[in-house]
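Each chain, written out:
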Amino acid sequence: MKKAMIAASIVGAAAAGVILYLTRKNGGVKGLLDKAGSAADSARQMANRHLRKSQQKINTMVNESMA
């Protein structure tokens, strides 16, 4: 779970850097920002899916160890 949080923060920082870079640039900013936004959204969805699966695995292991 720690690795997932680190990966999510790296993706978020990279997206923020790209947005800052593109807003200072003059040409084609809107199209590139839309692509960056969709890439960040898909990365967020993947991180959420991974975290949900990890939580389910942890719950299963806890229940099995207590049985």
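Residues numbered from 1 in each chain as written. Predicted model: local features only at pLDDT ≥ 70, side-chain atom pairs only at ≥ 80, totals over all residues. Heavy atoms only, no water.

Moving on: the overall build of the chain. From N to C terminus, the chain includes 2 helices and 0 strands. At 17 Å, the chain has a C-alpha radius of gyration far larger than the 11 Å of a compact globule built from 67 residues. If one aligns the C-alpha atoms of the chain with their principal axes, the spans along those axes are about 60 × 15 × 10 Å. Here the chain, with 67 residues, has 12% of them falling under the buried criterion. Of the roughly 5,500 Å² of accessible surface on the chain, a fraction of 63% belongs to carbon and sulfur atoms. (Helix = DSSP H or I, 4+ residues; strand = E, 2+ residues; numbered from the N terminus. Rg over C-alpha atoms; globule rule 2.2 N^0.38 Å. Buried < 20%, exposed > 50% of the residue type's maximum accessible area, 1.4 Å probe, protein only. Areas by Shrake-Rupley, 256 points an atom, 1.4 Å probe, with all protein chains shown as cover.)

It is a probe the size of a water molecule, rolled over the atoms, that shows where empty space is left. Here the largest pocket defines a volume of roughly 210 Å³. Forming the walls of the largest pocket are 13 residues, and the residues nearest its centre are Ala 4, Ala 7, Ala 8, Ala 43 and Ala 47. Mapped onto the lining of the largest pocket, the elements with two or more residues apiece are helix H1 (2-24) and helix H2 (29-66). Per element, the largest residue contribution to the lining of the largest pocket is 8 residues, and it comes from H2. (1 Å grid on protein atoms, 1.4 Å probe; cavity = no way out; pocket = protein on both sides within 12 Å on 5 of 7 lines; lining within 4 Å. Points joined across faces, edges and corners; volume = space filled by probe spheres on them.)

This brings us to the pattern of salt bridges. Inspection of every chain in the model, using the stated rule, returns 1 salt bridge. For Arg 44, the salt bridge is made with Asp 41, and the minimal N-O distance between the two is 2.6 Å. Here Asp 41 and Arg 44 lie together in helix H2, a separation of 3 residues that amounts to about one turn. (Salt bridge = Lys/Arg side-chain N within 4 Å of Asp/Glu carboxyl O.)

Turning next to the UniProt feature "transmembrane region" (unreviewed entry) in the chain. The feature "transmembrane region" (unreviewed entry), as given by UniProt, occupies residues 6-23 in the numbering adopted here. Note that residues 6-23 is 100% helix and 0% strand, and that its end C-alpha atoms are spaced 26 Å apart. (UniProt positions renumbered as here; feature names shortened; annotations may be inferred.)

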